[in-house]
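Per-entry structural report
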Amino acid sequence: MGSRHINEHTPLLEPPGSRSPISVFQGRRLACAAILLTESLERVAFYGITSNLVLFLNGNPFLWEGTQASQALLLFMGVTYLVSPFGGWIADACLGKFATIICSFILYFVGMLMFPFITVTDFRIALCHDMKPLPLMPPECFNMSSNVTCPYRQPYCAPVVFSGLVLIAIGVGSVKANITPFGADQVKDRGPEATRRFFNWFYWCINLGAILSLGGVAYIQQNIGFELGYIIPTVCLGVSFLVFVCGRTVFITKPADGSAFTDMFRILGHSLCSSKQPSEPSLLRNEVKGVSSSRPKLGLLDSAKERYGGRFPEEKVEEVKALFKIIPVFLALIPYWTVYFQMQTTYVLQSLHLRIPAIFSKSSEGNSSNISALHTVSNTKLPAAWLTMFDALLILLLIPLKDKVVDPILKRRGLLPSSLKRIAVGMFFVMWSVVAAGILETKRLDVIKNGTIDQVIGNVTYNAADLSVWWQIPQYVLIGISEIFASIAGRWEAGFVALNWMHKSIFRQQGCRKHFHVLRCC
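The rules behind each value
- Residues numbered from 1 in each chain as written.
- Predicted model: local features only at pLDDT ≥ 70, side-chain atom pairs only at ≥ 80, totals over all residues.
- Heavy atoms only, no water.
- Helix = DSSP H or I, 4+ residues; strand = E, 2+ residues; numbered from the N terminus.
- Buried < 20%, exposed > 50% of the residue type's maximum accessible area, 1.4 Å probe, protein only.
- Areas by Shrake-Rupley, 256 points an atom, 1.4 Å probe, with all protein chains shown as cover.
- Disulfide = S-S within 2.5 Å.
- Phe/Tyr/Trp six-rings, centres within 6.5 Å; stacked < 30°, edge-to-face > 60°.
- Lys NZ or Arg CZ within 6 Å of the ring centre and 35° of its normal.

Describing the overall build of the protein
Scanning the protein for helices and strands turns up 15 helices and five strands. Counting across all 522 residues of the protein, residues that qualify as buried make up 48%. On the protein, roughly 25,600 Å² of surface is accessible, and the fraction owed to carbon and sulfur atoms is 66%.

A look at the state of the cysteines
All told, the structure shown has one disulfide when counted by the stated rule. Two residues share a disulfide in this structure: C128 and C157, whose sulfurs sit 1.7 Å from each other. Pair noted here: C128 is in helix α5 (residues 121–128) and C157 is in the loop between α5 and α6 (158–187), with a separation of 29 residues, a long-range link. For C157, a relative accessible area of 5% corresponds to the buried category.

Considering the packing of aromatic side chains
The geometry of an aromatic ring pair is captured by the separation of the ring centres together with the interplanar angle, meaning the angle of the planes. Per the stated rule, a full pass over the model turns up 29 aromatic pairs. For the pair F46 and Y47, a centre-to-centre distance of 5.1 Å together with 85 degrees between the ring planes defines the contact as edge-to-face. Their ring planes at 40 degrees and their centres at 5.9 Å tell us that F62 and Y156 sit as a pair that is tilted. One end of the pair, F62, is in the loop between α2 (53–58) and α3 (66–95); the other, Y156, is in the loop between α5 and α6, with 94 residues separating them in the sequence. Each residue in the set F98, F105, Y108, F182, F241, F244 and F251 is aromatic and connected to the rest through ring pairs, giving one cluster. Note that R43 overlies the ring of F46, its terminal NZ or CZ placed 4.1 Å from the centroid. The residue whose ring lies beneath R248 is F98, and the NZ or CZ to ring-centre distance is 5.3 Å.

Below, the structure written as C-alpha coordinates:
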(Lines give C-alpha, C1' and ligand atoms only; values in the text may rest on other atoms or scores of the structure.)
Protein backbone atom coordinates (compact mmCIF):
# COMPACT_ATOMS: atom_id res chain seq x y z
CA MET A 1 0.00 0.00 0.00
CA GLY A 2 1.35 3.40 -0.90
CA SER A 3 2.03 5.76 1.96
CA ARG A 4 0.33 9.14 2.20
CA HIS A 5 2.37 12.32 2.44
CA ILE A 6 2.18 13.81 5.90
CA ASN A 7 1.43 17.25 4.43
CA GLU A 8 -1.50 15.99 2.33
CA HIS A 9 -4.62 17.86 3.43
CA THR A 10 -6.80 17.56 0.29
CA PRO A 11 -10.16 16.00 1.19
CA LEU A 12 -11.51 13.20 -0.94
CA LEU A 13 -14.90 14.93 -1.15
CA GLU A 14 -14.82 18.70 -1.42
CA PRO A 15 -17.59 20.64 0.27
CA PRO A 16 -20.14 22.32 -2.05
CA GLY A 17 -19.08 25.73 -3.28
CA SER A 18 -15.38 25.19 -2.59
CA ARG A 19 -14.57 25.61 -6.29
CA SER A 20 -15.60 28.48 -8.50
CA PRO A 21 -18.32 27.47 -10.99
CA ILE A 22 -17.18 26.75 -14.53
CA SER A 23 -18.47 29.21 -17.11
CA VAL A 24 -20.95 27.86 -19.65
CA PHE A 25 -18.69 29.37 -22.34
CA GLN A 26 -15.55 27.64 -21.09
CA GLY A 27 -13.50 26.62 -24.12
CA ARG A 28 -15.88 28.36 -26.54
CA ARG A 29 -15.04 31.99 -25.83
CA LEU A 30 -12.87 32.50 -28.93
CA ALA A 31 -15.47 30.98 -31.24
CA CYS A 32 -18.28 33.04 -29.72
CA ALA A 33 -16.16 36.21 -29.76
CA ALA A 34 -15.33 35.73 -33.45
CA ILE A 35 -19.00 35.32 -34.34
CA LEU A 36 -20.05 38.33 -32.25
CA LEU A 37 -17.33 40.55 -33.75
CA THR A 38 -18.25 39.37 -37.25
CA GLU A 39 -21.88 40.24 -36.61
CA SER A 40 -21.11 43.68 -35.18
CA LEU A 41 -18.98 44.67 -38.18
CA GLU A 42 -21.53 43.24 -40.62
CA ARG A 43 -24.23 45.37 -38.99
CA VAL A 44 -22.05 48.46 -39.47
CA ALA A 45 -22.02 47.67 -43.20
CA PHE A 46 -25.74 46.88 -43.35
CA TYR A 47 -26.88 50.09 -41.66
CA GLY A 48 -24.30 52.02 -43.64
CA ILE A 49 -26.36 51.14 -46.72
CA THR A 50 -29.92 51.29 -45.39
CA SER A 51 -29.87 54.24 -42.97
CA ASN A 52 -29.45 57.00 -45.59
CA LEU A 53 -30.33 55.24 -48.86
CA VAL A 54 -33.41 57.44 -49.41
CA LEU A 55 -31.35 60.57 -48.79
CA PHE A 56 -28.60 59.32 -51.14
CA LEU A 57 -30.98 58.65 -54.04
CA ASN A 58 -32.96 61.87 -53.43
CA GLY A 59 -29.87 64.05 -53.76
CA ASN A 60 -27.53 65.05 -56.57
CA PRO A 61 -26.70 63.61 -59.01
CA PHE A 62 -29.43 60.93 -58.87
CA LEU A 63 -32.48 63.10 -58.05
CA TRP A 64 -34.84 60.16 -57.61
CA GLU A 65 -38.37 60.90 -56.49
CA GLY A 66 -39.08 60.19 -52.84
CA THR A 67 -41.43 57.33 -53.76
CA GLN A 68 -38.79 55.79 -56.04
CA ALA A 69 -36.11 55.95 -53.36
CA SER A 70 -38.47 54.48 -50.75
CA GLN A 71 -39.46 51.67 -53.10
CA ALA A 72 -35.78 50.84 -53.65
CA LEU A 73 -35.29 50.44 -49.90
CA LEU A 74 -38.45 48.36 -49.53
CA LEU A 75 -37.39 46.15 -52.45
CA PHE A 76 -34.03 45.65 -50.79
CA MET A 77 -35.63 44.63 -47.50
CA GLY A 78 -38.09 42.34 -49.26
CA VAL A 79 -35.41 40.48 -51.22
CA THR A 80 -33.35 40.13 -48.04
CA TYR A 81 -36.09 38.26 -46.23
CA LEU A 82 -37.27 36.24 -49.22
CA VAL A 83 -33.74 34.96 -49.81
CA SER A 84 -33.30 33.95 -46.17
CA PRO A 85 -35.11 30.56 -46.30
CA PHE A 86 -33.34 29.69 -49.55
CA GLY A 87 -29.97 30.50 -47.97
CA GLY A 88 -30.84 28.20 -45.10
CA TRP A 89 -31.81 25.43 -47.49
CA ILE A 90 -28.49 25.76 -49.37
CA ALA A 91 -26.59 25.45 -46.09
CA ASP A 92 -28.56 22.44 -44.83
CA ALA A 93 -28.78 20.54 -48.10
CA CYS A 94 -25.61 21.39 -50.02
CA LEU A 95 -22.74 23.44 -48.63
CA GLY A 96 -22.99 23.53 -44.86
CA LYS A 97 -23.37 26.71 -42.83
CA PHE A 98 -19.71 27.80 -42.78
CA ALA A 99 -19.22 27.54 -46.57
CA THR A 100 -22.58 29.19 -47.24
CA ILE A 101 -21.69 32.15 -45.02
CA ILE A 102 -18.34 32.54 -46.82
CA CYS A 103 -20.01 32.56 -50.27
CA SER A 104 -22.67 34.98 -49.02
CA PHE A 105 -20.03 37.37 -47.71
CA ILE A 106 -18.39 37.43 -51.16
CA LEU A 107 -21.67 38.42 -52.87
CA TYR A 108 -22.33 40.94 -50.09
CA PHE A 109 -18.90 42.54 -50.60
CA VAL A 110 -19.26 42.77 -54.39
CA GLY A 111 -22.58 44.56 -53.98
CA MET A 112 -21.13 46.92 -51.38
CA LEU A 113 -18.27 47.89 -53.71
CA MET A 114 -20.72 49.34 -56.23
CA PHE A 115 -21.79 52.15 -53.93
CA PRO A 116 -18.39 53.77 -53.33
CA PHE A 117 -17.81 53.54 -57.10
CA ILE A 118 -21.02 55.34 -58.09
CA THR A 119 -20.23 58.19 -55.72
CA VAL A 120 -17.12 58.99 -57.83
CA THR A 121 -18.03 60.97 -60.96
CA ASP A 122 -15.72 59.18 -63.41
CA PHE A 123 -16.74 55.71 -62.30
CA ARG A 124 -20.42 56.66 -62.21
CA ILE A 125 -20.34 58.01 -65.78
CA ALA A 126 -18.53 54.87 -66.94
CA LEU A 127 -21.15 52.66 -65.32
CA CYS A 128 -24.30 54.74 -65.81
CA HIS A 129 -23.42 57.22 -68.59
CA ASP A 130 -24.48 60.86 -68.36
CA MET A 131 -27.78 61.71 -66.72
CA LYS A 132 -30.52 62.66 -69.15
CA PRO A 133 -31.97 66.15 -68.71
CA LEU A 134 -35.17 66.45 -66.75
CA PRO A 135 -38.24 66.50 -69.02
CA LEU A 136 -40.21 69.71 -69.29
CA MET A 137 -43.36 69.53 -67.22
CA PRO A 138 -46.50 71.31 -68.50
CA PRO A 139 -48.23 73.51 -65.93
CA GLU A 140 -51.14 71.09 -65.72
CA CYS A 141 -48.82 68.51 -64.15
CA PHE A 142 -48.57 70.66 -61.02
CA ASN A 143 -52.35 70.64 -60.65
CA MET A 144 -53.22 67.51 -58.75
CA SER A 145 -56.78 67.52 -60.09
CA SER A 146 -55.80 67.56 -63.79
CA ASN A 147 -55.97 64.46 -65.98
CA VAL A 148 -52.99 65.37 -68.17
CA THR A 149 -50.43 62.65 -68.86
CA CYS A 150 -47.12 63.98 -67.59
CA PRO A 151 -43.64 62.92 -68.77
CA TYR A 152 -41.83 60.48 -66.51
CA ARG A 153 -38.08 60.35 -66.03
CA GLN A 154 -36.51 56.98 -65.41
CA PRO A 155 -34.41 56.85 -62.23
CA TYR A 156 -30.81 57.68 -63.07
CA CYS A 157 -28.33 54.81 -62.73
CA ALA A 158 -31.15 52.47 -61.69
CA PRO A 159 -29.65 49.23 -63.16
CA VAL A 160 -26.40 49.67 -61.24
CA VAL A 161 -28.13 50.73 -58.02
CA PHE A 162 -30.60 47.86 -58.11
CA SER A 163 -27.88 45.36 -59.06
CA GLY A 164 -25.83 46.41 -56.05
CA LEU A 165 -28.87 46.30 -53.75
CA VAL A 166 -29.91 42.84 -54.96
CA LEU A 167 -26.39 41.43 -54.48
CA ILE A 168 -26.26 42.93 -50.98
CA ALA A 169 -29.74 41.62 -50.20
CA ILE A 170 -28.81 38.08 -51.27
CA GLY A 171 -25.65 38.24 -49.17
CA VAL A 172 -27.39 39.73 -46.13
CA GLY A 173 -30.28 37.27 -46.28
CA SER A 174 -28.05 34.23 -46.57
CA VAL A 175 -25.60 35.41 -43.90
CA LYS A 176 -28.36 36.15 -41.42
CA ALA A 177 -30.10 32.87 -42.17
CA ASN A 178 -27.02 30.91 -41.17
CA ILE A 179 -24.91 32.89 -38.73
CA THR A 180 -27.51 32.67 -35.95
CA PRO A 181 -27.76 28.84 -35.98
CA PHE A 182 -24.01 28.64 -36.64
CA GLY A 183 -23.46 30.58 -33.43
CA ALA A 184 -25.90 28.31 -31.63
CA ASP A 185 -23.87 25.32 -32.81
CA GLN A 186 -20.92 26.62 -30.79
CA VAL A 187 -22.78 26.44 -27.46
CA LYS A 188 -25.78 24.17 -27.94
CA ASP A 189 -24.14 21.27 -26.09
CA ARG A 190 -23.79 23.54 -23.03
CA GLY A 191 -27.54 23.59 -22.46
CA PRO A 192 -30.40 26.09 -22.66
CA GLU A 193 -28.76 28.61 -20.34
CA ALA A 194 -25.70 28.95 -22.58
CA THR A 195 -27.84 29.38 -25.67
CA ARG A 196 -30.11 31.94 -24.01
CA ARG A 197 -27.10 34.00 -22.90
CA PHE A 198 -25.47 33.70 -26.31
CA PHE A 199 -28.61 35.06 -27.98
CA ASN A 200 -28.70 37.96 -25.53
CA TRP A 201 -25.11 38.94 -26.35
CA PHE A 202 -25.62 38.26 -30.03
CA TYR A 203 -28.42 40.81 -30.02
CA TRP A 204 -26.29 43.17 -27.97
CA CYS A 205 -23.57 43.04 -30.64
CA ILE A 206 -26.11 43.61 -33.41
CA ASN A 207 -27.15 46.82 -31.73
CA LEU A 208 -23.56 47.83 -31.01
CA GLY A 209 -22.87 47.66 -34.74
CA ALA A 210 -26.08 49.56 -35.43
CA ILE A 211 -25.08 52.38 -33.07
CA LEU A 212 -21.58 52.65 -34.54
CA SER A 213 -23.06 52.85 -38.03
CA LEU A 214 -25.95 55.16 -37.24
CA GLY A 215 -23.87 57.37 -34.99
CA GLY A 216 -20.75 57.69 -37.12
CA VAL A 217 -21.35 56.53 -40.68
CA ALA A 218 -24.76 58.19 -41.03
CA TYR A 219 -23.31 61.50 -39.79
CA ILE A 220 -20.46 61.29 -42.32
CA GLN A 221 -22.85 60.48 -45.16
CA GLN A 222 -25.20 63.35 -44.41
CA ASN A 223 -22.75 66.08 -43.41
CA ILE A 224 -19.43 65.19 -45.10
CA GLY A 225 -20.10 63.05 -48.15
CA PHE A 226 -21.33 59.70 -49.36
CA GLU A 227 -18.00 58.73 -50.90
CA LEU A 228 -16.31 58.37 -47.51
CA GLY A 229 -19.64 57.34 -46.00
CA TYR A 230 -19.77 54.25 -48.23
CA ILE A 231 -16.06 53.39 -48.09
CA ILE A 232 -16.18 52.92 -44.30
CA PRO A 233 -18.96 50.27 -44.23
CA THR A 234 -17.35 48.46 -47.18
CA VAL A 235 -14.07 48.23 -45.26
CA CYS A 236 -15.94 47.04 -42.15
CA LEU A 237 -17.55 44.28 -44.18
CA GLY A 238 -14.15 43.19 -45.48
CA VAL A 239 -12.76 43.04 -41.93
CA SER A 240 -15.86 41.11 -40.83
CA PHE A 241 -15.20 38.56 -43.58
CA LEU A 242 -11.55 38.17 -42.54
CA VAL A 243 -12.49 37.70 -38.87
CA PHE A 244 -14.93 34.95 -39.79
CA VAL A 245 -12.41 33.19 -42.04
CA CYS A 246 -9.72 33.34 -39.34
CA GLY A 247 -12.17 31.87 -36.83
CA ARG A 248 -12.29 28.64 -38.84
CA THR A 249 -9.69 27.09 -36.53
CA VAL A 250 -11.86 27.48 -33.42
CA PHE A 251 -15.35 27.05 -34.88
CA ILE A 252 -17.42 23.90 -34.51
CA THR A 253 -18.44 23.19 -38.10
CA LYS A 254 -20.79 20.55 -39.40
CA PRO A 255 -21.29 19.25 -42.93
CA ALA A 256 -24.62 19.55 -44.71
CA ASP A 257 -26.87 16.78 -43.40
CA GLY A 258 -30.06 17.36 -45.36
CA SER A 259 -32.58 20.15 -45.40
CA ALA A 260 -35.23 20.13 -42.73
CA PHE A 261 -37.74 21.64 -45.14
CA THR A 262 -37.07 18.94 -47.73
CA ASP A 263 -37.76 16.28 -45.11
CA MET A 264 -40.87 18.14 -44.00
CA PHE A 265 -42.42 18.22 -47.48
CA ARG A 266 -41.54 14.58 -48.18
CA ILE A 267 -42.98 13.35 -44.90
CA LEU A 268 -46.07 15.53 -45.19
CA GLY A 269 -46.66 14.40 -48.77
CA HIS A 270 -46.30 10.74 -47.79
CA SER A 271 -48.73 11.16 -44.89
CA LEU A 272 -51.35 12.93 -46.99
CA CYS A 273 -51.10 10.57 -49.96
CA SER A 274 -50.98 7.36 -47.95
CA SER A 275 -54.32 5.60 -47.81
CA LYS A 276 -53.29 3.41 -44.89
CA GLN A 277 -54.02 4.45 -41.34
CA PRO A 278 -51.13 4.03 -38.89
CA SER A 279 -51.44 0.68 -37.13
CA GLU A 280 -49.45 -0.14 -34.05
CA PRO A 281 -47.40 -3.35 -34.15
CA SER A 282 -48.62 -6.16 -31.93
CA LEU A 283 -45.37 -6.27 -29.99
CA LEU A 284 -46.05 -2.76 -28.77
CA ARG A 285 -49.56 -3.59 -27.63
CA ASN A 286 -49.81 -4.21 -23.95
CA GLU A 287 -52.93 -6.26 -23.68
CA VAL A 288 -53.52 -8.50 -20.72
CA LYS A 289 -56.68 -10.68 -20.55
CA GLY A 290 -58.47 -8.55 -23.11
CA VAL A 291 -57.78 -5.29 -21.28
CA SER A 292 -55.47 -2.93 -23.12
CA SER A 293 -53.49 -0.21 -21.41
CA SER A 294 -53.79 3.39 -22.59
CA ARG A 295 -51.58 4.27 -25.53
CA PRO A 296 -50.77 7.65 -27.07
CA LYS A 297 -53.04 8.63 -29.93
CA LEU A 298 -51.37 8.33 -33.29
CA GLY A 299 -51.32 11.41 -35.47
CA LEU A 300 -51.35 11.97 -39.21
CA LEU A 301 -47.56 12.14 -39.54
CA ASP A 302 -47.05 8.91 -37.60
CA SER A 303 -48.07 6.92 -40.69
CA ALA A 304 -44.75 7.99 -42.26
CA LYS A 305 -42.69 6.23 -39.57
CA GLU A 306 -41.02 2.96 -40.44
CA ARG A 307 -42.45 1.30 -37.34
CA TYR A 308 -45.98 2.04 -38.60
CA GLY A 309 -45.45 0.96 -42.18
CA GLY A 310 -43.94 4.18 -43.51
CA ARG A 311 -40.50 4.76 -44.97
CA PHE A 312 -38.99 7.46 -42.76
CA PRO A 313 -36.98 7.07 -39.54
CA GLU A 314 -38.84 7.97 -36.39
CA GLU A 315 -36.31 10.69 -35.58
CA LYS A 316 -37.02 12.55 -38.84
CA VAL A 317 -40.78 12.40 -38.32
CA GLU A 318 -40.49 13.67 -34.76
CA GLU A 319 -38.36 16.58 -36.00
CA VAL A 320 -41.07 17.53 -38.50
CA LYS A 321 -43.70 17.31 -35.78
CA ALA A 322 -41.56 19.61 -33.66
CA LEU A 323 -41.35 22.08 -36.56
CA PHE A 324 -45.13 22.22 -36.76
CA LYS A 325 -45.15 23.25 -33.10
CA ILE A 326 -42.88 26.20 -33.98
CA ILE A 327 -44.81 27.41 -37.03
CA PRO A 328 -47.58 29.08 -34.95
CA VAL A 329 -44.91 31.05 -33.08
CA PHE A 330 -43.49 32.41 -36.33
CA LEU A 331 -46.94 33.13 -37.74
CA ALA A 332 -47.73 35.10 -34.61
CA LEU A 333 -44.54 37.14 -35.14
CA ILE A 334 -45.49 38.22 -38.68
CA PRO A 335 -47.60 41.17 -37.45
CA TYR A 336 -44.79 42.10 -35.08
CA TRP A 337 -42.15 42.31 -37.83
CA THR A 338 -44.58 44.12 -40.13
CA VAL A 339 -44.77 46.92 -37.58
CA TYR A 340 -41.09 46.70 -36.62
CA PHE A 341 -39.88 47.44 -40.15
CA GLN A 342 -41.75 50.73 -40.14
CA MET A 343 -38.85 52.00 -38.03
CA GLN A 344 -36.53 51.76 -41.04
CA THR A 345 -38.98 53.14 -43.61
CA THR A 346 -42.00 55.23 -42.64
CA TYR A 347 -40.55 56.34 -39.29
CA VAL A 348 -37.49 57.73 -41.11
CA LEU A 349 -39.65 59.41 -43.77
CA GLN A 350 -41.72 60.96 -41.01
CA SER A 351 -38.60 62.35 -39.34
CA LEU A 352 -37.47 64.00 -42.60
CA HIS A 353 -40.71 66.02 -42.58
CA LEU A 354 -40.36 67.18 -38.98
CA ARG A 355 -38.15 70.01 -37.72
CA ILE A 356 -34.68 68.54 -37.23
CA PRO A 357 -32.37 70.69 -35.07
CA ALA A 358 -28.96 71.82 -36.26
CA ILE A 359 -25.93 70.43 -34.44
CA PHE A 360 -23.85 73.57 -35.06
CA SER A 361 -25.03 77.13 -35.57
CA LYS A 362 -22.75 80.03 -36.38
CA SER A 363 -23.52 83.72 -36.38
CA SER A 364 -22.40 85.64 -39.48
CA GLU A 365 -21.96 89.17 -40.84
CA GLY A 366 -22.56 90.36 -44.38
CA ASN A 367 -24.27 88.66 -47.24
CA SER A 368 -21.37 86.36 -48.12
CA SER A 369 -21.04 85.35 -44.50
CA ASN A 370 -24.75 84.69 -44.29
CA ILE A 371 -24.56 82.41 -47.29
CA SER A 372 -21.66 80.56 -45.73
CA ALA A 373 -23.45 80.30 -42.40
CA LEU A 374 -26.59 78.99 -44.01
CA HIS A 375 -24.56 76.40 -45.87
CA THR A 376 -22.83 75.36 -42.65
CA VAL A 377 -26.07 75.03 -40.70
CA SER A 378 -27.85 73.15 -43.44
CA ASN A 379 -25.03 70.63 -43.67
CA THR A 380 -24.68 70.05 -39.94
CA LYS A 381 -28.21 69.00 -39.14
CA LEU A 382 -28.80 66.18 -36.71
CA PRO A 383 -28.72 63.05 -38.92
CA ALA A 384 -32.24 61.77 -39.43
CA ALA A 385 -30.95 58.22 -38.97
CA TRP A 386 -29.88 59.04 -35.41
CA LEU A 387 -33.43 58.63 -34.19
CA THR A 388 -33.20 54.88 -34.73
CA MET A 389 -30.32 54.84 -32.24
CA PHE A 390 -32.79 55.22 -29.39
CA ASP A 391 -33.95 51.68 -30.16
CA ALA A 392 -30.38 50.36 -30.32
CA LEU A 393 -29.19 52.26 -27.24
CA LEU A 394 -32.08 50.99 -25.20
CA ILE A 395 -31.22 47.40 -26.15
CA LEU A 396 -27.53 47.91 -25.34
CA LEU A 397 -28.47 49.16 -21.88
CA LEU A 398 -31.26 46.74 -21.04
CA ILE A 399 -29.94 43.40 -22.36
CA PRO A 400 -26.97 43.24 -19.90
CA LEU A 401 -29.31 44.34 -17.10
CA LYS A 402 -31.82 41.67 -18.09
CA ASP A 403 -29.16 38.97 -18.50
CA LYS A 404 -27.19 39.67 -15.30
CA VAL A 405 -29.79 41.00 -12.87
CA VAL A 406 -33.45 40.63 -13.82
CA ASP A 407 -33.49 37.10 -15.30
CA PRO A 408 -31.44 35.48 -12.47
CA ILE A 409 -33.72 37.04 -9.83
CA LEU A 410 -36.87 35.90 -11.63
CA LYS A 411 -35.40 32.45 -12.19
CA ARG A 412 -34.55 31.96 -8.51
CA ARG A 413 -38.10 32.89 -7.55
CA GLY A 414 -39.68 30.76 -10.26
CA LEU A 415 -41.17 33.79 -12.00
CA LEU A 416 -39.20 33.75 -15.26
CA PRO A 417 -41.88 34.05 -17.99
CA SER A 418 -42.04 31.61 -20.84
CA SER A 419 -40.96 32.54 -24.35
CA LEU A 420 -44.55 32.83 -25.56
CA LYS A 421 -45.41 35.23 -22.74
CA ARG A 422 -42.37 37.36 -23.57
CA ILE A 423 -43.44 37.46 -27.23
CA ALA A 424 -46.90 38.61 -26.15
CA VAL A 425 -45.38 41.41 -24.06
CA GLY A 426 -43.24 42.45 -27.03
CA MET A 427 -46.30 42.64 -29.26
CA PHE A 428 -48.03 44.83 -26.70
CA PHE A 429 -45.17 47.36 -26.75
CA VAL A 430 -44.80 47.37 -30.54
CA MET A 431 -48.53 48.03 -30.85
CA TRP A 432 -48.20 51.16 -28.73
CA SER A 433 -45.17 52.23 -30.78
CA VAL A 434 -47.21 52.43 -33.97
CA VAL A 435 -50.07 54.07 -32.08
CA ALA A 436 -47.65 56.78 -30.91
CA ALA A 437 -46.42 57.23 -34.50
CA GLY A 438 -50.00 57.58 -35.73
CA ILE A 439 -50.81 60.22 -33.12
CA LEU A 440 -47.71 62.18 -34.08
CA GLU A 441 -48.54 61.95 -37.80
CA THR A 442 -52.04 63.28 -37.12
CA LYS A 443 -50.54 66.22 -35.27
CA ARG A 444 -48.00 66.82 -38.08
CA LEU A 445 -50.76 66.99 -40.69
CA ASP A 446 -52.58 69.55 -38.55
CA VAL A 447 -49.44 71.67 -38.21
CA ILE A 448 -48.65 71.81 -41.95
CA LYS A 449 -52.08 73.34 -42.60
CA ASN A 450 -50.57 76.54 -41.19
CA GLY A 451 -47.53 76.32 -43.47
CA THR A 452 -44.27 74.41 -43.76
CA ILE A 453 -40.60 75.18 -43.26
CA ASP A 454 -37.82 74.43 -45.73
CA GLN A 455 -35.01 72.41 -44.21
CA VAL A 456 -31.93 71.20 -46.04
CA ILE A 457 -30.72 67.71 -45.15
CA GLY A 458 -27.62 66.74 -47.04
CA ASN A 459 -28.28 68.47 -50.35
CA VAL A 460 -32.03 67.85 -50.41
CA THR A 461 -34.67 70.38 -49.35
CA TYR A 462 -37.68 68.97 -47.50
CA ASN A 463 -40.95 70.75 -46.71
CA ALA A 464 -41.27 69.98 -43.02
CA ALA A 465 -43.80 70.74 -40.32
CA ASP A 466 -42.75 73.17 -37.61
CA LEU A 467 -42.86 70.34 -35.08
CA SER A 468 -39.78 68.98 -33.31
CA VAL A 469 -38.47 65.61 -34.40
CA TRP A 470 -37.90 64.74 -30.71
CA TRP A 471 -41.59 63.84 -30.53
CA GLN A 472 -40.61 60.59 -32.26
CA ILE A 473 -38.60 59.39 -29.25
CA PRO A 474 -41.53 57.55 -27.57
CA GLN A 475 -42.23 55.40 -30.62
CA TYR A 476 -38.55 54.40 -30.89
CA VAL A 477 -38.29 53.63 -27.16
CA LEU A 478 -41.42 51.47 -27.28
CA ILE A 479 -40.19 49.52 -30.30
CA GLY A 480 -36.84 48.95 -28.58
CA ILE A 481 -38.52 47.51 -25.48
CA SER A 482 -40.67 45.29 -27.69
CA GLU A 483 -37.62 43.88 -29.43
CA ILE A 484 -36.01 42.78 -26.16
CA PHE A 485 -39.07 40.68 -25.40
CA ALA A 486 -40.38 39.45 -28.75
CA SER A 487 -37.35 38.99 -30.97
CA ILE A 488 -34.99 37.29 -28.52
CA ALA A 489 -37.79 35.14 -27.14
CA GLY A 490 -38.74 34.05 -30.65
CA ARG A 491 -35.22 32.79 -31.29
CA TRP A 492 -35.06 31.02 -27.95
CA GLU A 493 -38.44 29.36 -28.49
CA ALA A 494 -37.30 28.11 -31.88
CA GLY A 495 -34.29 26.47 -30.31
CA PHE A 496 -35.83 24.52 -27.46
CA VAL A 497 -39.45 23.79 -28.21
CA ALA A 498 -38.22 22.11 -31.39
CA LEU A 499 -35.92 19.76 -29.47
CA ASN A 500 -32.73 19.19 -31.47
CA TRP A 501 -33.72 21.63 -34.20
CA MET A 502 -31.54 24.40 -32.85
CA HIS A 503 -29.22 24.14 -35.81
CA LYS A 504 -31.89 23.63 -38.46
CA SER A 505 -33.86 25.92 -40.71
CA ILE A 506 -36.33 27.12 -38.09
CA PHE A 507 -33.99 30.04 -37.45
CA ARG A 508 -34.13 31.22 -41.03
CA GLN A 509 -37.12 33.52 -40.69
CA GLN A 510 -35.73 34.99 -37.46
CA GLY A 511 -32.10 35.29 -38.53
CA CYS A 512 -32.33 38.60 -40.43
CA ARG A 513 -33.41 41.32 -38.22
CA LYS A 514 -32.72 44.12 -36.83
CA HIS A 515 -33.11 42.54 -36.57
CA PHE A 516 -32.86 43.75 -39.79
CA HIS A 517 -31.48 46.24 -36.97
CA VAL A 518 -32.79 45.99 -37.51
CA LEU A 519 -31.97 44.03 -36.08
CA ARG A 520 -30.90 45.39 -34.63
CA CYS A 521 -31.85 40.47 -39.01
CA CYS A 522 -31.84 42.21 -36.90
